[in-house]
Amino acid sequence: MNVIERTFAFLGDGANWQGSQGILARTVEHLGITMFAVAIALVIAVPLGLWAGHTRRGGHALLGFTAALRALPALGLLTLLALWFGVNAIPPLAVLVIIAVAPLLAHTLEAVTGIDPDVVDAARAQGMTEGQILCRVEIPLGLPVFMGGLRSAVLQVIATATIAAYINGNNLGRYLFDGLAVRDYPRMLVATLLVAVLAFVVDAIMALAQRAVTPVPLRGGGASKRHGQPKHESALDAANSHTEGAHA
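Residues numbered from 1 in each chain as written. Predicted model: local features only at pLDDT ≥ 70, side-chain atom pairs only at ≥ 80, totals over all residues. Heavy atoms only, no water.

- Identification of the chain as ABC transporter, permease protein from Rothia aeria F0474 is taken from an unreviewed UniProt entry.
- Within the UniProt record for the chain, the comment given under Sequence similarities (unreviewed entry) is "Belongs to the binding-protein-dependent transport system permease family." (UniProt positions renumbered as here; feature names shortened; annotations may be inferred.)

In structure tokens, the structure reads:
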């Protein structure tokens, strides 16, 4: 059999899907480390992005910081951290958190700063406090952009989480490194296919979530004006309707 036939023979063997070392178990672990890393990155990136976006302070520095993070080679960083912290769960988790922080920070900042200044001025004219502007206007209107960053972060971590198997762990990357060690190319192709399918499924789910959190007046191409309303009034209505829906 050629490589393709052996790859699908591996996937078609039910024994390879069962047990603690099976495909299902490794997929669950792959998703687990992905979600854990993204959760830590959210705690770090979102408050920083919201503060910088709302106050209009430090945005350029944060964008430069995220650009530097994106330039780091994942495998090289993993090796360096493994030399510092030893062969344990910390180095791969730290690498994945760093990878997730970059798009989350950039998109959170963009989500707030990209809002029309007239919207914020109109909210202040209505007597909203800075906290109310952030929570009731900037966050609801910026949520679709933020969700785009979250999608990007999750997909990047799913793709990169395979390197966790280089140190330890039994995620889908285990097939890649085990296959590489013995030149079992079908097993390596299995890892590639499984990660690609997993990323596709997760991205489709998050695309639906991104659409769900987008205020109805802002969906589609040109929702700047509705029934003769100025742009900032339409956006404020979208924010208010989104907030009221959340409280319902």
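**Quick notes on the packing of aromatic side chains**
Logical step 1: One pass over the full model with this rule turns up 2 aromatic pairs.
Logical step 2: Judged by centre distance (5.5 Å) and plane angle (45 degrees), the rings of Tyr166 and Phe177 are tilted. Of this pair, Tyr166 sits in helix α8 (residues 164-167) while Phe177 sits in helix α9 (residues 173-182), and the two are 11 residues apart along the sequence. (Phe/Tyr/Trp six-rings, centres within 6.5 Å; stacked < 30°, edge-to-face > 60°. Helix = DSSP H or I, 4+ residues; strand = E, 2+ residues; numbered from the N terminus.)

**Considering the packing of helix α2 (residues 23-55) against helix α5 (residues 90-113)**
Logical step 1: Interaxial distance between α2 and α5 falls to 7 Å at its minimum, and their mutual angle equals 35 degrees. The way α2 lies across α5 gives a crossing that is right-handed.
Logical step 2: Among the residues forming the contact of α2 with α5, the class breakdown is 22 nonpolar, 5 polar and no charged. (Axes fitted to C-alpha atoms, helices over the stretch in contact; angles between N-to-C directions. Left-handed = near helix turned anticlockwise from the far one by under 90°. Nonpolar A, V, L, I, M, F, W, Y, C, P; charged D, E, K, R; others polar.)

**Description of the pattern of salt bridges**
Logical step 1: With the rule as written, the count across this model stands at 6 salt bridges.
Logical step 2: A salt bridge links Arg6 to Asp184; the nearest nitrogen and oxygen atoms lie 3.9 Å apart. Taken together, the residues span a long stretch of sequence, with Arg6 in helix α1 (residues 3-12) and Asp184 in the loop between α9 and α10 (185-212) at a distance of 178 residues.
Logical step 3: Overall, the relative accessible area of 38% leaves Arg6 in the partly exposed class.
Logical step 4: One salt bridge connects Asp184 with Arg187, and the closest N-O pair in it is separated by 3.3 Å. (Salt bridge = Lys/Arg side-chain N within 4 Å of Asp/Glu carboxyl O. Buried < 20%, exposed > 50% of the residue type's maximum accessible area, 1.4 Å probe, protein only.)

**Focus: the side chain of Arg26**
Logical step 1: One can find Arg26 in helix α2.
Logical step 2: There is no salt bridge for the buried Arg26, and the closest opposite charge comes from Asp178, which lies 4.5 Å off by N-O distance.
Logical step 3: Contacts of Arg26, omitting those with residues within four sequence positions, involve Gln21, Asn170, Asn171, Leu172, Arg174, Tyr175 and Asp178. (Lys, Arg positive; Asp, Glu negative; His and termini not counted. Contact = heavy atoms within 4.5 Å.)

**Here's the deal with the environment of Leu155**
Logical step 1: Of note, Leu155 is situated in helix α7 (residues 130-160).
Logical step 2: On the accessibility criterion, Leu155 (24% relative accessible area) is partly exposed.
Logical step 3: Considering only alpha carbons, one finds Leu155 and Ala196, 41 residues apart in sequence, at a separation of 9.7 Å.
Logical step 4: Ignoring anything within four residues of it in the chain, the contact list for Leu155 reads Ala199 and Asp203.

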